[in-house]
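Fold and geometry: a report
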Number of protein chains: 2
Amino acid sequence: MASPVLPSSGVLSPLGTDSVRPAPGFWGDRIALNREVTIAHCQEWMERTGWIGNFRRLGATPAQRGAHPRQGREFSDSEIYKLLEAMAWADHPNLPELAATVAAAQEEDGYLNTRWYDDRYSDFEWGHELYCYGHLIQAGVARLRAHGEDELTKVVLRAADHICRRFMNTQETCGHPVVEMALVELYRATGTERYLEMARRFVERRGLPALGDITFGRAYFQDDLPVRRARVFRGHAVRAVYLASGAVDVAVETGDSELLSAIEAQWERTVARRIHLTGGLGSRHSDESFGEDFELPPDRAYSETCAGIGSIMLSHRLLLATGNVRYADLAERTMFNVLATALALDGRSFFYASPLHVRVPASPLEGVNQVAEGGLRSPWFTVSCCPSNIARTYASLAAYLATSDASGVQIHHHAPAEIRHGGLALRVETGYPWSGAVTVRVLEAGSGRISLRVPPWASGARLSYGGAVRPVSPGYAVAEGEWRAGDEIRLDLPMTPRWTYPDPRADAVRGCAAVERGPLVYCAESVGDEPPLSLIRAGTATPVEHHLLDGVVELDVQASLLHPPADAWPYSSPQAPQSAAPPGQPAPAPAGEPLRLVPYHRWGNRGPATMRVWLPTTA
Amino acid sequence: MASPVLPSSGVLSPLGTDSVRPAPGFWGDRIALNREVTIAHCQEWMERTGWIGNFRRLGATPAQRGAHPRQGREFSDSEIYKLLEAMAWADHPNLPELAATVAAAQEEDGYLNTRWYDDRYSDFEWGHELYCYGHLIQAGVARLRAHGEDELTKVVLRAADHICRRFMNTQETCGHPVVEMALVELYRATGTERYLEMARRFVERRGLPALGDITFGRAYFQDDLPVRRARVFRGHAVRAVYLASGAVDVAVETGDSELLSAIEAQWERTVARRIHLTGGLGSRHSDESFGEDFELPPDRAYSETCAGIGSIMLSHRLLLATGNVRYADLAERTMFNVLATALALDGRSFFYASPLHVRVPASPLEGVNQVAEGGLRSPWFTVSCCPSNIARTYASLAAYLATSDASGVQIHHHAPAEIRHGGLALRVETGYPWSGAVTVRVLEAGSGRISLRVPPWASGARLSYGGAVRPVSPGYAVAEGEWRAGDEIRLDLPMTPRWTYPDPRADAVRGCAAVERGPLVYCAESVGDEPPLSLIRAGTATPVEHHLLDGVVELDVQASLLHPPADAWPYSSPQAPQSAAPPGQPAPAPAGEPLRLVPYHRWGNRGPATMRVWLPTTA
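On a predicted model such as this, the values are computed, not experimentally measured, just so you know. (Residues numbered from 1 in each chain as written. Chains lettered and ligands numbered in written order. Predicted model: local features only at pLDDT ≥ 70, side-chain atom pairs only at ≥ 80, totals over all residues. Heavy atoms only, no water.)

All names here are of chain B. Across the sheet, which stays open at both edges, the 5 strands sit in the order 1-4-5-10-13 with mixed pairing between neighbours. Unpaired on one side and paired on the other, strand 1 (13-14) and strand 13 (475-479) mark the two borders of the sheet. Where strand 5 (residues 408-411) meets strand 10 (residues 449-454), 4 bridges bridge the pair, whose relative direction is parallel. Considered in strand 10, the bridge of Ile 411 is made with Leu 452. Of the strands in this sheet, strand 10 and strand 13 are in contact with helix 13 (residues 325-342), which crosses strand 10 at around 55 degrees. (Pairing = 2+ DSSP bridges. Helix = DSSP H or I, 4+ residues; strand = E, 2+ residues; numbered from the N terminus. Contact = heavy atoms within 4.5 Å. Axes fitted to C-alpha atoms, helices over the stretch in contact; angles between N-to-C directions.)

Once chain A has been moved 0.0 Å along the axis and rotated by 180 degrees, it coincides with chain B to within an RMSD of 0.0 Å. The transformation just described matches what one would write down for a two-fold rotation axis. (Least-squares fit on C-alpha atoms with pLDDT ≥ 70 in both.)

Attention now moves to the packing of aromatic side chains. Overall, the coordinates contain 52 aromatic pairs over all chains when judged by the stated rule. Taking the centre distance of 5.3 Å and the plane angle of 70 degrees together, the rings of Trp 569 of chain A and Tyr 571 of chain A count as edge-to-face. Residues Phe 167 of chain B and Phe 202 of chain B carry aromatic rings whose centres are separated by 6.0 Å and whose planes lie at 55 degrees to one another, so their mutual orientation is tilted. Taken together, the positions of Phe 167 of chain B in helix 7 (residues 151-167) and Phe 202 of chain B in helix 9 (residues 193-205) put the pair 35 residues apart, joining distant regions of the chain. Residue Phe 202 of chain B is classed as buried on the basis of its relative accessible area, which comes to 0%. (Phe/Tyr/Trp six-rings, centres within 6.5 Å; stacked < 30°, edge-to-face > 60°. Buried < 20%, exposed > 50% of the residue type's maximum accessible area, 1.4 Å probe, protein only.)

Residue and element names in this part refer to chain A. Position of Ser 384 among the secondary structure elements: in the loop between strand 3 (357-358) and helix 14 (385-396). For Ser 384, a relative accessible area of 1% puts it in the buried group. Taking the C-alpha atoms as reference points, Ser 384 and Ala 506, separated by 122 residues in sequence, lie 31 Å from one another. With residues near it in sequence (within four places) discarded, Ser 384 still touches Trp 51 and Glu 79. A polar side-chain atom of Ser 384 sits 3.1 Å from the main-chain amide nitrogen of Phe 381. (Polar contact = N/O pair within 3.5 Å; in protein donor to acceptor, adjacent residues only side chain to side chain.)

We now examine the side chain of Arg 537 of chain A. As for its position among the elements, Arg 537 of chain A is in strand 19 (residues 536-538). Despite its burial, Arg 537 of chain A pairs with no opposite charge, the nearest such side chain being Asp 507 of chain B at 6.2 Å. Within the structure, the side chain of Arg 537 of chain A is placed 3.1 Å from the backbone oxygen of Pro 504 of chain B, a separation counted as a polar contact. In contact with Arg 537 of chain A, not counting residues within four places along its chain, are Gln 558, Ala 559, Ser 560, Leu 562, Pro 616, Thr 617 and Thr 618 of chain A together with Pro 504 and Arg 510 of chain B. (Lys, Arg positive; Asp, Glu negative; His and termini not counted. Salt bridge = Lys/Arg side-chain N within 4 Å of Asp/Glu carboxyl O.)

Residue and element names in this part refer to chain B. Running from amino to carboxyl end, helix 1 (residues 26-48) crosses helix 4 (residues 77-90) at an angle of 155 degrees, the nearest separation of the two axes being 11 Å. Regarding the angle of helix 1 to helix 4, the classification is roughly antiparallel. Helix 4 is crossed by helix 1, and the crossing has left-handed handedness. Only Glu 79, Ile 80, Leu 83, Ala 86, Met 87 and Ala 90 of helix 4 make contact with helix 1, whose side of the interface consists of Arg 35, Ile 39, Cys 42, Gln 43 and Met 46. Considering only residue class, the contact of helix 1 with helix 4 consists of 8 nonpolar, 1 polar and 2 charged. (Parallel < 35°, antiparallel > 145°, perpendicular 65-115°, else oblique. Left-handed = near helix turned anticlockwise from the far one by under 90°. Nonpolar A, V, L, I, M, F, W, Y, C, P; charged D, E, K, R; others polar.)

We now examine the interface of chain A and chain B. Facing the 71 residues of chain A at the interface are 72 residues of chain B. Between chain A and chain B, a total of about 5,800 Å² is buried, with carbon and sulfur atoms accounting for 51% of that surface. When the area that chain A buries against chain B is broken down by residue, the three leading residues are Arg 510, Trp 569 and Tyr 571 of chain A, summing to 12%. There are 6 salt bridges connecting chain A and chain B. With its nearest N and O atoms 3.9 Å apart, the salt bridge here joins Arg 300 of chain A to Glu 295 of chain B. The tally of links between chain A and chain B comes to 24 residue pairs in polar contact (both at pLDDT 80 or more). In terms of residue count, the dominant contributor to the side of chain A that touches chain B is strand 16 (residues 498-502) of chain A (5 residues). Counted by class, the side of chain A that touches chain B contains 34 nonpolar, 15 polar and 22 charged residues. Strand direction decides the pairing type here: strand 22 (residues 571-572) of chain A and strand 16 (residues 498-502) of chain B, joined by 2 bridges, are antiparallel. (Buried area = accessible area lost by both parts, 1.4 Å probe.)

What follows concerns the pattern of salt bridges. Scanning all chains against the criterion turns up 109 salt bridges over all chains. Between Asp 224 of chain B and Arg 234 of chain B there is a salt bridge, with the nearest N and O atoms lying 2.8 Å from each other. Here Asp 224 of chain B is found in the loop between helix 9 and helix 10 (237-254), whereas its partner Arg 234 of chain B is found in the loop between helix 9 and helix 10, with 10 residues between them in sequence. Taking the relative accessible area as the measure of exposure, Arg 234 of chain B reaches 13% and is therefore buried. Arg 449 of chain B is paired through a salt bridge with Glu 480 of chain B; the nearest N and O atoms lie 3.3 Å apart. Of this pair, Arg 449 of chain B sits in strand 10 while Glu 480 of chain B sits in the loop between strand 13 and strand 14 (482-483), and the two are 31 residues apart along the sequence. Since its relative accessible area comes to 36%, Arg 449 of chain B is described here as partly exposed. Sharing partners across several salt bridges, the network here consists of Glu 418, Arg 420, Arg 427, Glu 429, Arg 441, Glu 444 and Glu 488 of chain A.

In structure tokens:
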């Protein structure tokens, strides 16, 4: 089964990329774009920056090495591994040569790192050696499942065995989690139990503590508390969700229901208080961390692409383990509003951070972007974790769409695709997320339940099959029967645009509302900041739909423009007018004008612009 | 004249610490506390951390040096220099010994730096060598003016001459400005014109550009544009206001009215769009920068103490140059709400950042604070620029209170003090900022105008002298006459608490108002977060005053507590209820209860607490 996650137990079992074949449509188009454009784009940049060259350099003489310094940050090896994972899922022809380059750099005992080779394991807090192995192992698992053993998988097993020898009986771990989930998956792929035991120990020793003190504080890398004792995700967002994913994997394979429940509770609390409307995670640029409960600034939302991807990985694992639809709901929100947002429509540039408000149009940059701001997508970054993470996620995305259990098939994410399970073959046809109609046609006969997820916003949904129509509630709409070729099941999700309001404790968006339609968050985008979005006040009547020729739906709301207040001091006390700094009391313009909203994931494709998801309302 | 700023021309001339003698009162008490406690506290920590030891270490053998590595960050020498400046203004007995320690580390040619001595000027972007000299020179100027020539002033002249020799004909400058204003002041103190010329060149070569590229971008250290071409302060806030101060000094001494006007325009635009209600500067923790226009988050307000001090220094210079009362207004706001806030009531701990909203009570720390958050004051920091900056500012604060011109004396900041100018001697008596009554008694006869600043919030103020009372407007209230001993001038400033509202473009505080009384910003402080400030909604009736026994005024407003909303997902769409994530529509509690507000500068002295300046209103 070609899936990045294959638990040996759990409520639901994934259907892999060999069982789910996406067809053209929202996700199918992006999966194809990734395979045809983005993977090669990433490889080209990894050559250009010398990050692949770092592996070749290890075969050179010390003198040659001295003349050609290593390039990139201490964790750049991991980008090559994520690219290899993408290539493995996509069965990309460039894989063997790139894998051979990596293999040639591995040492006799399995050690492999282009940064630390002569100074092994000297910096667990920042060295990222186990982090790099984690991504290497995930690439190896992908190769094993999508292709079978080859040179890359041998490299991976040697590295994994090296890790077990070196770390099984220490109290050490890595500042950046990922090796935990990677080792569990390698156990699942090979049956070698020491990989699971190693992963379990890495999870359990965290927070004892296992790492040294750092300026950001120990919560930054989740070493402040044992995993099972924490109440909420905290610190660096990517690290937090990667660690939680590994903990779920360990819990599932060892039957540790206490650990699983702990992660579920942390997920619940985080999702209630520390998440942006888009599903994005992280509010602080300084340490790429969550921040406190309800610290959700739209302008400085960090919402790193990798954190969104990690959140999808975590929610998918929790969905498989529990069958709880809320995990699929959040995964969908994050897929449409973080993952889809991060990749430009041409497949060649990326958002690192995805804020929900941009006040000043970004200045176009040439070359590598050094800063993870979110005003324009960039072709590459100094810390370029996101592009290769996007590439491996799209390459395996088909494996996230549907699952099975003893009773049948569950379709969690609605996208045109062919799905096979047991003898049953289905074709999903839909214009989702633009249209709410999802049709499942039976191609090859079979039996069992066919469950279709009904998202939480879709009250009033209807399910039609066998000549009957019935209302279905959010959760799963279940069609049961003996299916014959040609049978058709149709789910209708109401797609009326809706205004969404924040929790009153979300201080940064008080007095604002956002528009959603189906799974999509919308935003006002103002190319060159005309009209000025800082002065917009929106009415909250139901937005008017505009269906464009390519299927995309844009929305109009009514908005008025405030007069800009006087400009001397931005605070005023009306009862005590200030002579030196007159208060600027804005008056709304007399009548509202239509303000066009675009799907958030499409913003920033028309050049430098301002943008806001949360619109101040006239109320 | 003992003043840190002594321009040779300008509308107003400062009265130094030898002319203005503070008496007990708001500022006098803090000036005494600083002299008696804070200066020694800083010296003790600089010994404990080894930062003073770095100077002794340079006299050791290379082998001894190897055994005792240098301590602290690359700029720690500057802390010793700021402490020396504080000691110089305070005529502190510890100065000669500490100055001798510094002097012994100076090299033959005047070079002096404990970090870079064997690798001089190899990193202009981050090395801080000229920055350290800047603070050394400011210490020397203080010593020259408050005491006269001694060993310290000789060290300073040797260093300044070294700088002129090394940098007069290059295009180099330092990543962190301060040497510019220091050199102008040394020119003012000595008459040596090359110091002014060197400062002028440092100012002019910035932005050509003069420095290398860095991750934060060139605006971080104001090397993106020539000083006179910029429109607004940007980048690292401390660097921005230090550079602007130096540019004003150069403009004044060279008669460069274009440069002076450029800084005035930058100040205007910054103050209209990039300033917190407290006068604090800086909104981003990641690079300690301003952020964009109207990016003013109360919770993540950086508002570094040093940026506030730099802003006071800049506004004071602009006040002297132009006589425009707006500069004194902002200086007062910043003094009462940033400077006074930064120092604990016991004089031994400090805020580095001063946010306007704290959601979670801080955890008390032992020892050195590594992170510049603002939940509790700390005795010392890894980057400990603020404590010594506070010390030198209080030690010279008397020189900021009053000025003179040909017509007489101007009192900009109301504090008990004796002021002498010409033959005239005045005693200011006031309980300001708690009381709005300011009395000026003539101690020794003289003539000339006595001008008292009327702050912008004080409409309805009255001035009484010579048996007459008349209304005075914000600006300066002027009393003219031939003054005899015993004459009395009285200014009455109305101190009614007022609600203050933000510009509608200040997104992060939409729907909120703050309370001010006189020059003080108030805040709700909730020790242990009881009541929970996240759920407060305040009514905007005039707050009720409570006068405490020590003169402090606290205020009560009426507030209700929202019921906490349901907890699954922090966003809701009322027209389309979500079954999986029910919307939590808060209902206000039936009746308001009094909520106590305390002066912002006093918050955080009672242990870990939550705090908010901007209160969501019921409106």
